[in-house]
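# Coordinates in review
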Amino acid sequence: MPYVGSILISQYTRRFALFQRGGTSFSVSAVDISSEKGYTGHKINCVPFFTRRKGTFVENFNELLKKYADFIVRVGVNPQPGQTLIIRCSLEAAPLARLCVRSAFEAGARDVQVDWNDNAVSRSRMELGSEEALTDFKSYQLRRYLDYAESEGSVCVLHLIADDPEVYAGLDSAKISRVNAANRKFMAPWREYTMNDRVQWSIAAMPSAPWAKKMFPDLDTDAAIEKLWQLIFDVCRVTGGDPVGEWKAHLDRLMTLRDKMNAFDLESVHFKSSNGTDLTVGLADKASWESAGSRNEKGVEFLPNIPTEEVFTAPHKDKVNGVVYGTKPYVFNGQLIKGFHVTFKDGKVVEHGAEEGADLLGQLLDTDEGARSIGEVALVPASSPINRSGALFYSTLFDENAACHIAFGASYPGTTADGTRLSKEELLERGMNQSAIHEDVMIGAEDSEITGKCRDGRTVTLFQNGVWAL
Ligand code: ZN
Ligand code: ZN
């Protein structure tokens, strides 16, 4: 599960994304294409994605877009009768937002409101606004959410994002992080609702020109955007025509797998593949396996990140041993780490290397003490649509759903029993890793064999030839 980073294509997370996105519009660190010629530093021509589809990659683009919107609303954020939905969205995503608004009303939402933001404005404010002004938050900005959250019908929030990897390129990064940190602090009472899943919330993506060009630099902008749309439709199970039905079935499968994993009461999992990986990951005390479907405090199901394929839990920070080889390039601070390997002893990285970006990997591991240990182990079959697509998205929201992964850095308190109620010390005692970072790196191979060791001594086969054996 990805965590928010401050890097190129932003990293999202079900737990932490709203830290970044819950506040005022300038805190949105990744936004979409400008509707005009572009804004300072970025000459981006607009591609009105919803009007130029005739004769291009999919004849039925508008139909698929509608299905995507329905899926995002019905399965992603799932507004309930009587509930208000707030959509946070960039101007360029207006056609998608409009469809989501209709879909939410059809689903019974009491009201649907859209908070618009815009790249050019965000950039101008961050560039030209004083730090004093940018951190001068007013109570209505927080009450905007709390008033609804505290009302009888409550609220849910949908974020429609389209990354621009370089929206703040060239600006003072220290100022950006101070402003974002101030915003996170100010919005903390609202964040408490989302972090603890008290209300439903969801993040879904659509292409932007800069993101599409990053993925497909050889294509012209129009073609790159089309290709990215096609990919998003494919990996979000929209292309087949029944995304709501397919996702309900998919989430049921993930929950069944999660329940089976928990029933094993595993002490450790062992990864082996022909690329040399031979890694034993001991699990944290009372580790619980999770899948990405969530429930709010009233039991309403929702999907914080779209798409999702993983079943994941917390390793024990001192009980990871062996060597592991990366199977996908990894983007850290906007640069690639390729062909890496890492050797663990008693939970800590003791040796590492990479064919490309070895220094970068070193920097990542040197971030703080906890960065040399892992805080997540996640199982994703090689048969996942994202892996089958063969594409590298440069976005953890997508890439981590292509393969089994481990994450350097912090663990999620929710992946140990009652962990969200434990103190930092109590979490550490259970072996839950702590760090300022959480960086998911892909380790699943086409021939991964994964076994689990149960606390009662049994050994169970979890993965064979890269896919679930349960
Ligand atoms: Zn994960
Ligand atoms: Zn993660």
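Up top you'll find the structure we're talking about.
Residues numbered from 1 in each chain as written. Chains lettered and ligands numbered in written order. Predicted model: local features only at pLDDT ≥ 70, side-chain atom pairs only at ≥ 80, totals over all residues. Heavy atoms only, no water.

## A short note on the pattern of salt bridges
This is how it is decided: What makes a salt bridge here is a side-chain nitrogen of Lys or Arg within 4 Å of a carboxyl oxygen of Asp or Glu, nothing more. Each helix is a run of H or I in the DSSP string that is no shorter than four residues. Each strand is a run of E no shorter than two, and both are numbered from the N terminus. A simple rule labels every residue: compare its accessible area, found with a 1.4 Å probe on the protein chains alone, to the largest value its type can have, and call it buried under 20%, exposed over 50%, or partly exposed in between.
The final tally for this structure, using the stated rule, is 20 salt bridges. In this structure, the salt-bridge partner of Lys138 is Asp136, at a minimum N-O distance of 3.1 Å. In this structure, the salt-bridge partner of Asp265 is Arg455, at a minimum N-O distance of 3.4 Å. A residue pair is termed long-range when its members are at least 10 positions apart, and Asp265 in the loop between helix H11 (243-264) and strand E5 (266-272) and Arg455 in the loop between strand E18 (449-454) and strand E19 (459-464) qualify at 190 residues. Residue classification places Asp265 among the partly exposed residues on the basis of a relative accessible area of 42%.

## As for the packing of helix H2 (residues 61-77) against H11
Definition in use: Helix axes are fitted only over the stretch in contact, all axes being lines through C-alpha atoms; the angle between N-to-C directions runs from 0 to 180 degrees. Put simply, angles under 35 degrees are roughly parallel, angles over 145 are roughly antiparallel, angles from 65 to 115 are roughly perpendicular, and the rest are oblique. Helix crossings fall into two classes, left-handed where the near helix is turned counterclockwise from the far one by less than a right angle and right-handed where it is turned clockwise. The contact criterion used is simple: two residues touch if any of their non-hydrogen atoms lie within 4.5 Å. Polar here means any residue other than Ala, Val, Leu, Ile, Met, Phe, Trp, Tyr, Cys and Pro, which are nonpolar, and Asp, Glu, Lys and Arg, which are charged; Gly is therefore polar.
The contact between H2 and H11 brings their axes to 9 Å, and the two run at 40°. Taken as axis vectors, H2 and H11 run oblique relative to one another. Judged by the sense of rotation from one axis to the other, the crossing of H2 with H11 is right-handed. Counting all contacts with H2, which are made through Lys67, Asp70, Phe71, Arg74 and Val75, the residues of H11 involved are Pro243, Val244, Trp247 and Leu251. Its residues assigned to classes, the contact of H2 with H11 shows 6 nonpolar, no polar and 3 charged.

## Looking at the sheet that holds strand E3 (residues 155-161)
Working definition: the strands of a sheet are paired by backbone hydrogen bonds and lie parallel or antiparallel to each other. So the rule is basically this: A pair of strands is labelled paired if DSSP reports no fewer than 2 bridges between them.
Here we have 4 strands laid out as an open sheet, ordered E2-E1-E3-E4, and parallel in their pairing. Strand pairing shows two members of the sheet lacking a second neighbour, strand E2 (111-117) and strand E4 (201-205), which therefore form its edges. Neighbouring strand axes in the sheet, compared pairwise and without regard to direction, differ in orientation by 20° on average. Note: strand E1 (residues 84-90) against E3, 6 bridges, orientation parallel. Of the residues in E3, the one forming a bridge with Cys89 is Leu160. Against the sheet, helix H6 (residues 139-149) touches E1, E2 and E3, its axis set at about 150° to E1.

## Quick word on the sheet that holds strand E17 (residues 438-442)
Pairing within the open sheet is antiparallel, and its 5 strands lie in the order E7-E10-E15-E16-E17. Two strands close off the open sheet at either side, each with one partner strand: strand E7 (290-291) and E17.

## So, the nonpolar core
What counts is decided by this rule: For the purposes of this section, nonpolar cores are sets of buried Ala, Val, Leu, Ile, Met, Phe, Trp, Tyr and Cys residues that join through side-chain atoms within 4.5 Å.
Grouped together as the largest cluster of nonpolar side chains are 102 residues, with contacts concentrated most on Tyr68, Leu160, Leu266, Phe271, Phe344 and Phe393. Counting residues per element, this core draws most heavily on H2, which supplies 10 residues.

## A word on the pairing of strand E14 (residues 348-356)
Of the strand pairs in this sheet, strand E13 (residues 335-345) and E14 are connected by 7 bridges, and their pairing is antiparallel. In the strand pairing of E14, Thr343 is matched with Glu351. The hairpin formed by E13 and E14 contains 2 residues between the paired strands, and Asp346 there has a positive phi angle of roughly 45°.

## Considerations on the side chain of Ser268
Within the secondary structure layout, Ser268 lies in strand E5. For Ser268, a relative accessible area of 11% translates into the label buried. Residue contacts for Ser268: discarding those within four places in its chain leaves Thr280, Val281, Gly282, Leu283, Thr451, Gly452 and Lys453.

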